Amino acid sequence: MSFRPLFALLLAVIASSTYAAEARPNILLIVADDLGYNDVGFQGARDIPTPHLDRLADSGLRCTDGYVSYPVCSPSRAGFLTGRYQQRFGYEYNPKWDATAATHGLPLSETTIADSLRAAGYSTGAIGKWHLGAHPHFHPNRRGFDDYFGFLGGGHRYLPGSVAEVEIGAGKKATTTADTEQTSPIQRNSTAVPEVGELTTRLGEEAAASVTRHARDAQPWFLYLAFNAPHTPLQARADMLAKFAAITDERRRTYAAMVATVDEAVGRIVTALESTGQRDRTLIFFLSDNGGPMTKRNANASVNSPLRGQKGDVFEGGLRVPFLISWPARLPAGRTYTQPVISLDLLPTALAAAGATRDATLAPLDGVDLLPFLTGQVASAPHARLFWRMDGGEAFAVREGNWKWLRTYQNAPQLYDLSTDLGESRDLAATRPEIAARLAAASAEWNRGLIAPAFGNNPFGGLINRTGLEKNAAP
Ligand code: CA
């Protein structure tokens, strides 16, 4: 081969890789914690203005039927960070807050979205709540994240020096039994740093600084920003509380101030993206990790209407969450997408956007790449069915088209038509037995691909048998 063709080939390779680098978006995954379905402006909230989140929704697609894979914090995160139904690897409870609990966390056999994007040449960062195991081998820096700023537990007080109180029902408050979790050190990578200022505000500042710092990098970045707001304890900045003085209920007022603080932080990050010229080439996901807890432990004055149920339920109020996707360079703006999608889709969507392929030897994904569906290139539904299992099989649910089948604890199976009954109030199991039977069989078939919970959630390490303790939440 003469020198000239070789040189031309080399130029072509350089050109194509440069083009690929330019085309690869930054990816920003923003997660709120225990946010109600109806508690942001783009979902219809009237008493909590969220102008920055609403603008983000206007810049992309709002998914009306966006689900998470579990109605409680930690298993939900294990799902969307792996793209796999987390019950496939035994993740069905929150882990113990215990740095010696070597099995209470995301199994080391699983690959995270950060692992895959880093392998594809992305820089990776995580900011905020981790809650995927307190043992050192579960640390974010060992699960694919180059940089980490946050806290390892399932929650954290917002105001330095404050007492973290949680709702325990009927308006009663208790200092959380997990004080060491709520006051655990804020870490930069593995180094403790002082608690300074209100936490949500600080997480937003860290995220804005991160996107600014990486603006001129040759490589694209992935940032996972996990707010713990508006999870309890109910605490907010005084100036933000003052903005909601018109809300007479103290708990709702504080909750509103916390949601507004998340919104303010999102605004700060979007401004950083815009001012550094990165907005159009940044793919942003925003969702809650589960539905709002309205009356159970950790109730935070959230509202899931018009959905039935709440955090911890397989009714829609536990599983369906505020969910939006924005990527100005590639996706339509100002649209509503109504086919069911699930948080498990985030990983394959991100990998597709990055032009990354997943190692074929890894366990198969349950999520799908949503890009062809969101662009309208494919008109069919991304999923024939979505499935849920709770507490090792104490409760199940299936969504197929507009049908929702579920079985909770010791109650008889139920069937709802969500197209006419979004609030799951008219049980059709007896009138449409053939559909109920089909979905029960599909649930049983899916269940055969799962394993028993690998760890429990009580202080003694066993499983809490909730049979008989949890009955249907009132509509
Ligand atoms: Ca949560």
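Let me sum up the structure you'll find in this document. Keep in mind it's a predicted model, so treat the numbers as computed, not measured. (Residues numbered from 1 in each chain as written. Predicted model: local features only at pLDDT ≥ 70, side-chain atom pairs only at ≥ 80, totals over all residues. Heavy atoms only, no water.)

### Considering the coordination of the calcium ion
Okay, so step 1: At 2.2 to 2.6 Å from the calcium ion lie its protein donor atoms, namely Asp33 (OD), Asp34 (OD), Cys73 (SG), Asp289 (OD), Asp289 (OD) and Asn290 (OD1).
Okay, so step 2: Given 6 donor atoms and angles of 53 to 160 degrees at the metal, the environment of the calcium ion is assigned as irregular.
Okay, so step 3: Site description for the calcium ion: donor spacing in sequence, D-D-x38-C-x215-D-N. In this pair, Asp34 sits in the loop between β1 (26-32) and α2 (51-58) while Asp289 sits in the loop between β11 (282-288) and α9 (316-319), placing the two residues 255 residues apart along the sequence. With respect to burial, Asp34 and Asp289 carry one shared label: buried. (Donors = N, O, S within 2.8 Å, 3.2 Å for Na, K, Ca; no water. Tetrahedral: all angles 85-135°; square planar, octahedral: opposite > 155°, others 65-115°. Helix = DSSP H or I, 4+ residues; strand = E, 2+ residues; numbered from the N terminus. Buried < 20%, exposed > 50% of the residue type's maximum accessible area, 1.4 Å probe, protein only.)

### A short note on unusual backbone geometry
Okay, so step 1: Residue Ala229 is joined to Pro230 through a cis peptide bond whose omega torsion reads 0 degrees.
Okay, so step 2: Among the structural elements, Pro230 can be located in the loop between β10 (221-226) and α7 (238-243).
Okay, so step 3: Note the cis peptide between Thr232 and Pro233, where omega equals 5 degrees.
Okay, so step 4: Assignment of secondary structure puts Pro233 in the loop between β10 and α7.
Okay, so step 5: Even without glycine at this site, His131 takes up a positive phi of about 60 degrees.
Okay, so step 6: Assignment of secondary structure puts His131 in the loop between β4 (123-129) and β5 (147-151).
Okay, so step 7: One non-glycine residue, Tyr409, lies in positive phi territory at about 50 degrees.

### Digging into the environment of Arg448
Okay, so step 1: With respect to the element layout, Arg448 can be found in the segment after α12 (433-447).
Okay, so step 2: Since its relative accessible area comes to 62%, Arg448 is described here as exposed.
Okay, so step 3: Distance from Arg448 to Arg88, taken between C-alpha atoms, is 9.5 Å for residues 360 residues apart in sequence.
Okay, so step 4: At 2.7 Å, the side chain of Arg448 and the side chain of Glu445 are in polar contact. (Polar contact = N/O pair within 3.5 Å; in protein donor to acceptor, adjacent residues only side chain to side chain.)

### Examining the packing of helix α6 (residues 199-213) against helix α8 (residues 250-275)
Okay, so step 1: Running from N to C, α6 and α8 point in directions that differ by 10 degrees, and their axes come no closer than 9 Å. With respect to each other, α6 and α8 are oriented roughly parallel. Contact with α6, carried on its side by Thr200, Thr201, Gly204, Glu205, Ala207, Ala208, Val211 and Thr212, involves Thr261, Val262, Glu264, Ala265, Arg268, Ile269, Ala272 and Leu273 of α8 and no other residues of that element.
Okay, so step 2: A class-by-class count of the residues in the contact of α6 with α8 yields 8 nonpolar, 5 polar and 3 charged. (Axes fitted to C-alpha atoms, helices over the stretch in contact; angles between N-to-C directions. Parallel < 35°, antiparallel > 145°, perpendicular 65-115°, else oblique. Contact = heavy atoms within 4.5 Å. Nonpolar A, V, L, I, M, F, W, Y, C, P; charged D, E, K, R; others polar.)

### Thoughts on the sheet that holds β4
Strand pairing within a sheet occurs via backbone hydrogen bonds; the two strands may be parallel or antiparallel.
Okay, so step 1: Strand order in the open sheet formed by 10 strands is β9-β8-β5-β4-β10-β1-β11-β12-β2-β13, and the pairing between neighbours is mixed. Among the strands making up the open sheet, the edge pair consists of β9 (191-193) and β13 (335-337). The mean angle between the axes of side-by-side strands here comes to 15 degrees, regardless of whether they run parallel or antiparallel.
Okay, so step 2: With 5 bridges connecting them, β1 and β10 associate as parallel partners. Across the sheet, Val31 pairs through a bridge with Ala226, a residue of β10.
Okay, so step 3: The strands touched by α2 are β2 (61-63), β11 and β12 (323-326); relative to β12, the strand with the most contacts, the crossing angle is about 60 degrees.
Okay, so step 4: Strands in contact with α8 are β1, β10 and β11; relative to β1, the strand with the most contacts, it is inclined by about 175 degrees. (Pairing = 2+ DSSP bridges.)

### Remarks on the sheet that holds strand β15 (residues 386-390)
Okay, so step 1: Taken together, 4 strands build an open sheet; the order of strands is β15-β16-β17-β18 and the sheet is antiparallel. Sheet topology places β15 and β18 (414-417) at the edges, where each strand pairs with a single neighbour. Each strand axis lies, on average, 10 degrees off the axis of its neighbour in the sheet, ignoring direction.
Okay, so step 2: Against the sheet, α12 touches β15, β16 (395-400), β17 (403-408) and β18, its axis set at about 115 degrees to β16.

### Some points on the pairing of β12
Okay, so step 1: Neither face of β12 is exposed, since Phe323 and Ile325 on one face and Leu324 and Ser326 on the opposite face are all buried.
Okay, so step 2: Where β2 and β12 come together, 2 bridges link them in antiparallel fashion. The residue bridging Leu61 from the neighbouring strand is Ile325, located in β12.
Okay, so step 3: Pairing analysis gives 4 bridges linking β11 to β12, with the strands arranged antiparallel. Its bridge partner lying in β12, Ile284 is registered against Ser326.

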